[in-house]
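Per-entry structural report
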Amino acid sequence: MTTDYRSAVQEAVAGALGLGEDEVTPDATLMDDLGAESIDLLDILFRIERSTGVKIAASDLGDEMQGGIPEDEFGTPEGNVSRKGLDYLHEVVMPQLDPDEWDGKLQAEEVINHFTVQNLADMVGRRAGQQQPA
Amino acid sequence: MTLEGRIALVTGASRGIGRGIAEALAAEGAAVAVNYRSGEAQAREVVDAIVSNGGRAVAVQGDVSEYAQAQRVIEQTIAELGGLHVLVNNAGIARDALIYNMEPQDWLDVMRVNFGGVFNCTKAAMGHFMGQREGSIVNISSVMGQRGWMGESNYSASKGAVNAFTRCAAMELVRFGVRVNAVLPGFVPTEMVEGLTGKDGGKGVLKQIPMRSFGEVEDVAQLVVFLSGPQAKYVTGALLPVDGGASAVLGTGAPL
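Described below are features of the structure shown in this document.

Each value, and the rule that gives it
- Residue positions are counted from 1 within each chain, in the order its sequence is given.
- In the order they appear in the text, chains get letters beginning with A and ligands get numbers beginning with 1.
- Totals for whole chains, interfaces and linings use every residue, but because this is a predicted model, local features are given only for residues with pLDDT of at least 70 and side-chain atom pairs only at 80 or more, for both listing and counting.
- The basis for the side-chain values is all heavy atoms of the structure; hydrogens and waters are excluded.
- Only DSSP runs of H or I with at least four residues qualify as helices, and only runs of E with at least two residues qualify as strands; both kinds are numbered from the N terminus onward.
- The globule rule used here is 2.2 Å times the number of residues to the 0.38 power, and the radius of gyration it is set against is calculated over C-alpha atoms.
- Note on classification: 1.4 Å probe, protein chains only; a residue is buried when its accessible area is under 20% of the maximum for its type, exposed when over 50%, partly exposed between these limits.
- When checking whether two residues touch, look at their non-hydrogen atoms; a contact exists if any pair is within 4.5 Å.
- For accessible areas, the Shrake-Rupley method is used with a probe of radius 1.4 Å. Any residue's cover is judged against the shown protein chains and nothing else.
- Charge counting follows a simple rule: Lys and Arg are positive, Asp and Glu are negative, and His as well as the terminal groups are ignored.
- Charge coordinates come from a single atom per side chain, which is NZ of Lys, CZ of Arg, CG of Asp or CD of Glu.
- Under this scheme, a helix contributes an axis fitted over its contacting stretch, all axes are lines through C-alpha atoms, and angles between N-to-C directions fall in the 0 to 180 degree range.
- The scheme is simple: roughly parallel for angles under 35 degrees, roughly antiparallel for over 145, roughly perpendicular for 65 to 115, oblique for anything else.
- Two helices cross in a left-handed way if the nearer one is turned anticlockwise from the farther one by less than a right angle. They cross in a right-handed way if the turn is clockwise.
- Buried area is a sum: the accessible area each of two parts loses on coming together, probed at 1.4 Å, counted once for each and added.
- When a carboxyl oxygen of Asp or Glu is within 4 Å of a side-chain nitrogen of Lys or Arg, the pair counts as a salt bridge.
- Residues adjacent in sequence count toward polar contacts only when both atoms are side-chain atoms; beyond that, a polar contact is any pair of N or O atoms within 3.5 Å, and within protein one must be able to donate a hydrogen and the other to accept it.
- By the convention adopted, Pro, Cys, Tyr, Trp, Phe, Met, Ile, Leu, Val and Ala count as nonpolar, Lys, Arg, Asp and Glu as charged, and the other residues, Gly among them, as polar.
- One fewer than the residue count of a helix, multiplied by 1.5 Å, yields its expected span.
- By nonpolar core we mean a set of buried residues, namely Ala, Val, Leu, Ile, Met, Phe, Trp, Tyr and Cys, connected to one another through side-chain atoms within 4.5 Å.

So, about the overall build of chain A. The helix and strand tally for chain A stands at 7 helices and 0 strands. Sequence-ordered secondary structure for chain A, helices as α and strands as β, is α-α-α-α-α-α-α. In summary, chain A has a C-alpha radius of gyration of 15 Å against a globular reference of 14 Å for 134 residues, a match within 12%. Its C-alpha atoms put chain A at 40 × 35 × 25 Å along the principal axes. Split into buried and exposed, the 134 residues of chain A put 40% on the buried side. Sequence-distant contacts, at least 24 apart, represent 57% of the contacts inside chain A between residues at least 6 apart. When the accessible surface of chain A is summed, it comes to about 7,000 Å², and 47% of that surface belongs to carbon and sulfur atoms. Of the charged side chains in chain A, 9 are positive and 28 negative, and the gap between their average positions amounts to 6 Å.

Moving on: the packing of helix α5 (residues 116–132) of chain B against helix α6 (residues 153–173) of chain B. A packed helix pair is summarised by two numbers, namely the angle formed by the two axes and the spacing between the axes. Residues and elements named next belong to chain B. Two elements in contact, α5 and α6, have axes separated by 12 Å at closest approach and are oriented at 15°. Accordingly, the angle class assigned to the pair α5 and α6 is roughly parallel. Here the hand of the crossing between α5 and α6 comes out right-handed. Here α5 contributes V118, F119, T122, M126 and M130 to the contact with α6, which in turn contributes V162, F165 and L173.

Here the focus is the interface of chain B and chain A. Every contact between the two is made by 8 residues of chain B and, on the other side, 8 residues of chain A. Both faces combined, the contact of chain B with chain A buries some 770 Å², and carbon together with sulfur accounts for 56% of it. Counting the surface chain B buries against chain A, the share from its top three residues, R133, R175 and F176 of chain B, is 64%. At the junction of chain B with chain A, the criterion picks out 3 salt bridges. Put simply, D43 of chain A and R175 of chain B hold a salt bridge, and the shortest N to O gap is 3.0 Å. Applying the counting rule to chain B against chain A returns 6 residue pairs in polar contact (both at pLDDT 80 or more). Top contributing element to the side of chain B that touches chain A by residue count: α5 of chain B, with 4 residues. When grouped by side-chain class, the residues that make up the side of chain B that touches chain A number 2 nonpolar, 3 polar and 3 charged.

Residues and elements named next belong to chain A. With 13 residues, helix α1 (residues 5–17) should cover 18 Å at 1.5 Å per step; its first-to-last C-alpha distance of 18 Å lies within 8% of that length. The set of residues buried in α1 consists of Y5, A8, V9, Q10, A12, V13, A14, A16 and L17. On its buried face, α1 sits against α2 (38–52) and α7 (117–130). Just downstream of α1, G18 is the residue with a positive phi angle, here 70°.

Residues and elements named next belong to chain A. Residues L30, L89, F115 and L120 are the most contacted members of the largest nonpolar core, which totals 37 residues. Going through the elements one at a time, α1, α2, α3 (61–66), α5 (83–93) and α7 are the ones with two or more residues in this core. Counting residues per element, this core draws most heavily on α1, at 7 residues. Not counting residues up to four positions away in its chain, the partners in contact with L89 are M65, F74, V81, M94, P95, L97, L106 and V111.

As far as function goes, none of this settles anything; it's purely spatial.
Here is the structure:
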């Protein structure tokens, strides 16, 4: 089991998408830049579990991004991510997202499109810290 | 032995084709979980037969038409035998009747066991297979899923569903190193189909089978052994008949 989560994620993404590891740069977004679809995401998460022992279910990804903030506080009635949600995303999940730039402009369902290789590696690292050692 | 070190679960394995499959897998070295719903004594006999031949087996109770029970069957197999590599979805029932006379519950019961059992066990086992990037699922379907037969509309529809599901499951699991195939037996005289093959010594059916003989449980079991093991590593999404040529023929295959 490796604890080099960046390399583990790059290897998993490259393997699942049939890309060279040099194409899987840390700031590449999984969906938009690399073209991952839902079955690819599932494949990536299982590969990561295998190499790192860190288990993230595809169905947990949304919760993980929302960080326990209730639905009506994370999003606005118009379906955008709230300021509170943007601040959380910037602080924890996606530091590259500037809350000032995206305020009132980021649709909740589009958050996943900004999720990068590095963001996933960081998430795996956070999860590893929370999991009981086997 | 091709299945040395592998662990298999066969649903509905206390009798008929399921029993034959459990014994054939064990003969190739697999440890086998013999699932049964109500035939505990028969399931124990299958386990004893395997153990007395030097194999490893346990009996696991559970009605696979219920998802929670299917989950428990999978978990218990993994806990008692130490893993799972091969899932044989064999449990099946028949409730033959002309559609005109068929009770609505008769199609639902058949669908819940024959297709529901396949869905439930596949879903319950797939995470384990995906995590280890290894697994072979063999669904015991029927040539009736591809062709029609009087009085078997519910059974035929349930097996047609199994065939369609087999292809889709093969697509979704191929990325994870898991293969999914179906075996389609023709006429194999077991308790379940004795109404069909028992009449007149089966003459009315036999003359429609190009090979002029019924299949044996072992014929089905050996194809399952092949699909379960490494020799079939490039085979997935396949629907393979074992029927003495029955489904190859058009009409009777010659002028009457």
